[in-house]
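In case you want the letters, here they are:
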Amino acid sequence: MSQHQARRSTRGDGETVLSVEELRTAFFTDKETIYAVDGASFDLRRGETVGIVGESGSGKSVTARSIMGLIESPGRVLDGSSIKYHNPETVERLADQFAGEVTYRDGDGEPEGDGCIVLDDDEGTNGTRGYVDLARAPQKVVKRTRGGDIAMIFQDPLSSLNPVYTVGNQIKEALKLHRDMSGRSVTDEAAELLEAVGIPDARMALREYPHQFSGGQRQRIVIAVALACDPEVLICDEPTTALDVTIQAQILDLLDDIQRERDLGIVFITHDMGVISEISDRVNVMYAGEIVETAPAETLFTDPAHPYTRGLLESIPGRNPGADRLTTIEGDVPTPNQPATDCRFAPRCPEQFDACTQVHPESVSVTEAATDHTTACLLYPDDRSREDAVDLHERRGRGDTDDEANRTEARR
Ligand SMILES: Nc1ncnc2c1ncn2[C@@H]1O[C@H](COP(=O)(O)OP(=O)(O)OP(=O)(O)O)[C@@H](O)[C@H]1O
Ligand code: NI
């Protein structure tokens, strides 16, 4: 275990700020329907980094864009999906602005109306006053959280920066818009932000244009623009993939520092298992639109459960000293063009058996005791017979939840 991981293991005890539940996002193209995200669930706590890892096409970016309200036609977040944002100040602010969207619920019960802003009847018992469900929220509501509450950074920093404006202008614009600042204090704050992300000669840099900076510096500038909006959640979609290893490590360190200072919740997306192990507290492994394994980062690397995760780990260079070349999993991620009725990994799986082509694996605890480690594979729970395990998945798939011993609470 690296020092980095040791430091991380104590993190993420804050309250849940974002919970994604049964997220389904599909693209209705002329040719077919693509179920790009097909029932993904995970939580993010304040101060915690949750990683999403998987091969190209597994649905990572569509998950991120769904949270940001950036899915465009022919794509749509399907009914039944929830993206609950819990930040109390935001929920309160939105409830004031959009009174027509407010609905009430009793404690943890179901909301009584279909408004996207759900408030507790008896407020304040456990500190949360409810949530706004971004999956059901109209664009006018989502727009009020995008950037200011939940910010996103992408692989290519140039796609988020405007080439014709100075760096200073872009940071100041964000400060004016989201923090209501003006006058000289804006310039001072902009310079401070640039310094905070490690840009030298910040005052001078404010007057320069994006193309005058290197790739790594541009990504720092994008991070400064995101921070100018003072977000609670930062979604990073492959932010270091285009950078060389040294610069990549510096950006990861920067994100770590910023997170500590601001108690940020970070969703970090990458196809690089090495990067995910460096940065995450918890990891979600995604395959063909589904989260096939969730575990604390350390557990995922020492004790992977799903055959797909094991395959990904074997493909990390240097992890198999005996192997003389890179092991990769044969075959490609299938395009999920119908709702899952079987295991989408079965055709590539070394442990595939008959039921895998007939039963859809649901998310279950790896063993009955391992409540923070779940996987969607018919081989689990590990401590049941194969028939018993398959039977559990079948019953779960039918919505039969009387199985006390193994509930999805494991997702935490
Ligand atoms: N606008 C779109 N129209 C149709 N299909 C789309 C659209 N955007 C994404 N998809 C499909 O959704 C699936 C998931 O794509 P996504 O971009 O989320 O993958 P990813 O895991 O981010 O991969 P990568 O590592 O390559 O970025 C893919 O099959 C992709 O072709
Ligand atoms: Ni992507």
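Here goes a summary of the coordinates provided. (Residues numbered from 1 in each chain as written. Chains lettered and ligands numbered in written order. Predicted model: local features only at pLDDT ≥ 70, side-chain atom pairs only at ≥ 80, totals over all residues. Heavy atoms only, no water.)

Strands sit in the order S9-S10-S11-S3-S12-S13-S15-S14 across an open sheet of eight strands; the sheet is mixed. Taken across any chain shown, the strands that pair with only one partner, and hence form the sheet edges, are strand S9 (150-153) and strand S14 (364-365). Pairing geometry for strand S13 (residues 290-296) and strand S15 (residues 374-375), over two bridges, is antiparallel. Residue pairing for S15: Glu293 is matched across the bridge by Thr375. (Pairing = 2+ DSSP bridges. Helix = DSSP H or I, 4+ residues; strand = E, 2+ residues; numbered from the N terminus.)

When its volume is computed, the second largest pocket comes out at roughly 640 Å³. Taken together, 21 residues make up the lining of the second largest pocket; nearest its centre are Gly147, Met152, Ser160, Val225 and Cys229. Mapped onto the lining of the second largest pocket, the elements with two or more residues apiece are S9, helix H6 (167-179) and helix H9 (215-228). Among the elements that take part in the lining of the second largest pocket, H6 stands out by supplying six residues, more than any other. Class assignment for the residues of the lining of the second largest pocket results in 14 nonpolar, five polar and two charged. (1 Å grid on protein atoms, 1.4 Å probe; cavity = no way out; pocket = protein on both sides within 12 Å on 5 of 7 lines; lining within 4 Å. Points joined across faces, edges and corners; volume = space filled by probe spheres on them. Nonpolar A, V, L, I, M, F, W, Y, C, P; charged D, E, K, R; others polar.)

Glancing now at the site of ligand 1. Neighbouring residues of ligand 1: Phe27, Ile34, Ala36, Glu55, Ser56, Gly57, Ser58, Gly59, Lys60, Ser61, Val62 and Glu238. Ser56 places a side-chain nitrogen or oxygen 2.5 Å from an oxygen atom of ligand 1. Within the backbone of Gly57, an N or O atom sits 2.8 Å from an oxygen atom of ligand 1. Surface burial for ligand 1 is 69%, taken as the share of its 630 Å² of free accessible area covered by protein chains. At the level of secondary structure, the elements contributing two or more residues to the shell around ligand 1 comprise strand S2 (33-45) and helix H2 (60-67). In terms of residue count, the dominant contributor to the shell around ligand 1 is H2 (three residues). (Near = heavy atom within 4 Å. Polar contact = N/O pair within 3.5 Å; in protein donor to acceptor, adjacent residues only side chain to side chain. Areas by Shrake-Rupley, 256 points an atom, 1.4 Å probe, with all protein chains shown as cover.)

With that settled, the discussion passes to the environment of Ala389. Note on placement: Ala389 falls in helix H14 (residues 386-397). With a relative accessible area of 1%, Ala389 lands in the buried category. Considering only alpha carbons, one finds Ala389 and Pro361, 28 residues apart in sequence, at a separation of 9.7 Å. With near-sequence residues (within four places) excluded, Ala389 lies in contact with Leu378, Tyr380, Pro381 and Arg384. (Buried < 20%, exposed > 50% of the residue type's maximum accessible area, 1.4 Å probe, protein only. Contact = heavy atoms within 4.5 Å.)

With that settled, consider the pairing of strand S8 (residues 130-133). Where burial is concerned, the two faces of S8 agree: the one with Gly130 and Val132 and the one with Tyr131 and Asp133 are both buried. The sheet contact formed by strand S5 (residues 82-85) and S8 spans two bridges and is antiparallel. Across the sheet, residue Lys84 finds its bridge partner in S8, namely Asp133. Relative to S8, strand S7 (residues 117-120) runs antiparallel, the two sharing three bridges. Bridge pairing in S8 links Val118 to Tyr131.

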